[in-house]
Amino acid sequence: MNTKLPVGITMGDAAGIGPEIVVQACAQGLRAPHVVYGDAGALRRAAAALGARLDVVEIATPAQASLRAGLIEVIGRGPALPADLPPGQLSALAGRGAYDYVCAAIDDAQAGAIRAIVTAPLNKHSMHLAGIDYPGHTEILAERSGTTDFAMMLANDELRVLLVTIHVALADVIARITPQAELSALRLADRACRQMGIARPRVAVAGLNPHAGEGGKFGREEIEVIEPAIAQARAEGINASGPWPGDTIFMRARRGEFDIVVAQYHDQGLIPVKYLGLDHGVNVTVGLPFVRTSVDHGTAFDIAGKGVADHASLVAAFDLALAMTP
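**Remarks on unusual backbone geometry**
Okay, step 1: With an omega of 0 degrees, the peptide bond between G242 and P243 qualifies as cis.
Okay, step 2: Of note in the backbone geometry, L67 takes a positive phi value of approximately 60 degrees without being a glycine.
Okay, step 3: Inspection of the secondary structure puts L67 in the loop between β3 (55-59) and β4 (71-75).
Okay, step 4: A residue is classified by how much of its surface remains accessible, and L67, at 34% relative accessible area, is partly exposed.
Okay, step 5: Phi angles above zero are rare outside glycine, and A212 is one such case at about 55 degrees.
Okay, step 6: Position of A212 among the secondary structure elements: in the loop between β8 (202-206) and α8 (221-235).

**Comments concerning the pattern of salt bridges**
Okay, step 1: For the structure shown, the criterion picks out 10 salt bridges.
Okay, step 2: Between D100 and R96 there is a salt bridge, and its shortest N-O distance comes to 3.2 Å. In this pair, D100 and R96 both sit in helix α3 (residues 92-110), 4 residues apart, roughly one turn of the helix.
Okay, step 3: Judged by relative accessible area, D100 falls into the buried class, the value being 18%.
Okay, step 4: In this structure, E224 engages R220 in a salt bridge whose closest nitrogen and oxygen atoms are separated by 2.7 Å.

**A closer look at the nonpolar core**
Okay, step 1: Membership of the largest hydrophobic core comes to 97 residues, with the highest contact counts inside it found for L43, I72, I140, L162 and L186.
Okay, step 2: Residues in contact with L43, not counting those within four places in the same chain, are M11, P19, V22, V23, V36, V56, I72 and V74.
Okay, step 3: Grouped together as the second largest cluster of nonpolar side chains are 16 residues, L154, L159, A263 and V273 included.

**Observations regarding the environment of Y265**
Okay, step 1: Residue placement: Y265 occurs in the loop between β10 (260-263) and α10 (266-275).
Okay, step 2: Y265 has contacts with L163, T165, L170, V173 and L208, leaving out every residue within four places of it along the chain.

**Thoughts on the packing of aromatic side chains**
Okay, step 1: With the rule as written, the count across this model stands at 2 aromatic pairs.
Okay, step 2: Ring geometry for Y99 and Y134: centres 5.9 Å apart, planes at 20 degrees, overall stacked. Of the two residues, Y99 sits in helix α3 while Y134 sits in the loop between α4 (124-129) and α5 (137-145), which places them 35 residues apart along the sequence. This pair shows no difference in class: Y99 is buried, exactly as Y134 is.
Okay, step 3: The lysine or arginine in question, R252, covers the ring of W244, its NZ or CZ lying 4.2 Å from the ring centre.

**Quick word on the sheet that holds strand β7 (residues 160-163)**
Okay, step 1: Reading across from one edge, β3-β4-β2-β1-β5-β12-β11-β6-β7-β10-β8-β9 is the order of the 12 strands in this open sheet, with mixed pairing throughout. Strands with a single pairing partner mark the edges of an open sheet, and in this sheet they are β3 and β9 (239-244). Between one strand and the next, the sheet's axes are offset by a mean angle of 25 degrees, whatever the strand orientation.
Okay, step 2: Relative to strand β5 (residues 117-119), strand β1 (residues 7-10) runs parallel, the two being bridged by 3 bridges. Residue G8 lies in a different strand from β5, and its bridge partner there is I117.
Okay, step 3: On the sheet, helix α7 (residues 179-195) packs against β6 (151-155), β7, β8, β9, β10 and β11 (282-286) and is oriented at approximately 155 degrees with respect to β10.
Okay, step 4: Most of the contacts of helix α11 (residues 312-323) go to strand β12 (residues 292-295), to which it runs at about 165 degrees, and overall it touches β1, β2 (34-37), β5, β11 and β12.

Rules behind the numbers
- Residues numbered from 1 in each chain as written.
- Predicted model: local features only at pLDDT ≥ 70, side-chain atom pairs only at ≥ 80, totals over all residues.
- Heavy atoms only, no water.
- Helix = DSSP H or I, 4+ residues; strand = E, 2+ residues; numbered from the N terminus.
- Buried < 20%, exposed > 50% of the residue type's maximum accessible area, 1.4 Å probe, protein only.
- Salt bridge = Lys/Arg side-chain N within 4 Å of Asp/Glu carboxyl O.
- Core = buried A, V, L, I, M, F, W, Y, C linked by side-chain atoms within 4.5 Å.
- Contact = heavy atoms within 4.5 Å.
- Phe/Tyr/Trp six-rings, centres within 6.5 Å; stacked < 30°, edge-to-face > 60°.
- Lys NZ or Arg CZ within 6 Å of the ring centre and 35° of its normal.
- Pairing = 2+ DSSP bridges.
- Axes fitted to C-alpha atoms, helices over the stretch in contact; angles between N-to-C directions.

The following block contains the structure:
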């Protein structure tokens, strides 16, 4: 990885808090060169509203970036957004733009033109209005990069959690808890921790059922699916353990017993992380051919345009992207 390359930051949905937090992060000063994929007009308006002393200039490619302080260099591969785009409202145009910014960053990351991707939030409903049907960033990143083996991980200063299943209905989770999916998650959890500088990651696996099934009394998924996957992971040299009861595993990880928890479904894994606060949480897509990190919050339409959004999660995501691309 060429650490002299800029990090690509995507602006997200222009009707949300994305432009504000990008401007705030750039005004604060980021620890490495960067370019922004977004709309220059939206960023200029956000800078003016926030009183940020930043020049916003458009460039065509990351190679054209001067990477000077006090400057936001914008790659505008998306639709032209109107100056009167209302904040906090669904917009097909803003949804199309958010999608286009991510796609442009993926293409540049694949081409080796940027060091990593850091994403501000998009809004799936706005994308749907534009005829773009994805559950979120993760699926866009995987499909466009041709990645079939991937996972979502959320991390903060106290927990790292990787999911076996992501954006699926709870009624469909059990069918997707397969030995292959379980083993893939264990491998990706080990890989993610190693990318973060942990030489011998301790990977703990949460059970699917109450009390991790209690020997089959509350379900047999632990016996028939999860335990064999853990055994295979251990045979491959992964320091995996479990399945542990889901109601205590996160407490144990927070105390330092484990480096990462593999959770079986979305809310099982993300509620503990987000309960600790969104300010410094980071979403990581593991398994891609490049590093992608993100804020762990949404577009926050209720506060968009009010100048009160907190950019701490974006800065944390940027810093983690640097740590994962030494």
